[in-house]
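Report on the structure
Single-letter residue listing:
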Amino acid sequence: MNSFSNVDRQEIDKFDRVGQLWWDPAGKMGMLHVINPLRCRFVADHARIDKARALDVGCGGGILAEALAKAGAQVTGIDLSQQTLKIARQHAAGSGLPIDYRLLTVEELAQREAGSYDIVTCMEMLEHVPEPAAVVDACTRLLKPGGQAFFSTINRNLKAWLFAIVGGEYVLRILPRGTHRYSRLVRPDELRAWAAASGLVFDGVASLMYNPLGRRFHVAYGREDVNYMACFTRTRG
């Protein structure tokens, strides 16, 4: 580990405990399987995935990493949950996908492989670290000039608290209780400011809109709602 540790051990322990649930579409992580095609579509709408060198930061059990690999990318996935990475490696091997999974921080990888990736994805991870701006900066340094970064996270406002935390975790139970802390949610203006300070140019935003009656999501482009995704391009070396 380097001298700066942007890690919350309680968050890692939380994901270690649910490691076995990543690939159960009917389990507590099942909603990730529902939204993954929408996230992949957002990436594909802004970047060429085929033959790209892609990094998935906070890859979890590999749901997005595997989708990117199936779309033709050369994929590296990093995470700090040992149990989760074990599940990710097992599932990728069973699917015949040569994904390079590593146990290390994005800051450590940026020191080793700066300017190496065409695409960096960081989905549902910023709200789980003490210093999200440092993650955005490390993701930027990992990109080649012209490379693109994709972040998804949850807005910090009253609607997000009601829908994502109270509704999602306690009423509808589409996420495990305690998944999110309100104080760590990220407003879109904060994300854009961190990205700009790191040398990223904003390309576009979209939100995942949930219909509780049909239990389905759809993508609303140009909208910054509760669960939103943003794309940025690195313009300087």
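An account of the accompanying structure is given in this report. (Residues numbered from 1 in each chain as written. Predicted model: local features only at pLDDT ≥ 70, side-chain atom pairs only at ≥ 80, totals over all residues. Heavy atoms only, no water.)

Side note on the pattern of salt bridges
A side chain with one charge can pair with a side chain of the opposite charge if their charged atoms come near. Counted by the stated rule, this structure contains 11 salt bridges. In this structure, the salt-bridge partner of Arg156 is Glu190, at a minimum N-O distance of 2.8 Å. Of this pair, Arg156 sits in the loop between strand 5 (143–154) and helix 7 (158–171) while Glu190 sits in helix 8 (residues 188–198), and the two are 34 residues apart along the sequence. Neither residue differs from the other here; Arg156 and Glu190 are each classed as buried. Of the charged contacts in the structure, one is a salt bridge between Asp225 and Arg223, with a shortest N-O distance of 3.1 Å. (Salt bridge = Lys/Arg side-chain N within 4 Å of Asp/Glu carboxyl O. Helix = DSSP H or I, 4+ residues; strand = E, 2+ residues; numbered from the N terminus. Buried < 20%, exposed > 50% of the residue type's maximum accessible area, 1.4 Å probe, protein only.)

Describing the packing of helix 6 (residues 132–142) against helix 8
For the pair helix 6 and helix 8, interaxial distance at closest approach is 9 Å and the crossing angle is 45 degrees. One element, helix 6, and the other, helix 8, form an angle in the oblique class. Seen along the crossing, helix 6 lies across helix 8 with a hand that is right-handed. Contacts between helix 6 and helix 8 pair Pro132, Ala133, Val136, Asp137 and Thr140 from the former with Leu191, Trp194, Ala195 and Ser198 from the latter. (Axes fitted to C-alpha atoms, helices over the stretch in contact; angles between N-to-C directions. Parallel < 35°, antiparallel > 145°, perpendicular 65-115°, else oblique. Left-handed = near helix turned anticlockwise from the far one by under 90°. Contact = heavy atoms within 4.5 Å.)

Thoughts on the environment of Thr76
Among the secondary structure elements, Thr76 is positioned in strand 2 (residues 74–79). Here Thr76 falls in the buried class, since its relative accessible area comes to 4%. Look past the residues within four positions of Thr76 in its chain and what remains in contact with it is Ala54, Leu55, Asp56, Asp100, Arg102 and Tyr117.

As for helix 8
For helix 8, every residue scored as buried is listed here: Pro188, Glu190, Leu191, Ala195 and Ser198. Mapping the buried residues of helix 8 onto a view down its axis gives an arc of 160 degrees, with all of them on the same face. Lining the buried residues of helix 8 we find helix 6, strand 5, strand 6 (200–211) and strand 8 (227–234). One or two steps after helix 8, the chain reaches Gly199, where phi turns positive at roughly 100 degrees. (Arc of directions from axis to C-beta.)

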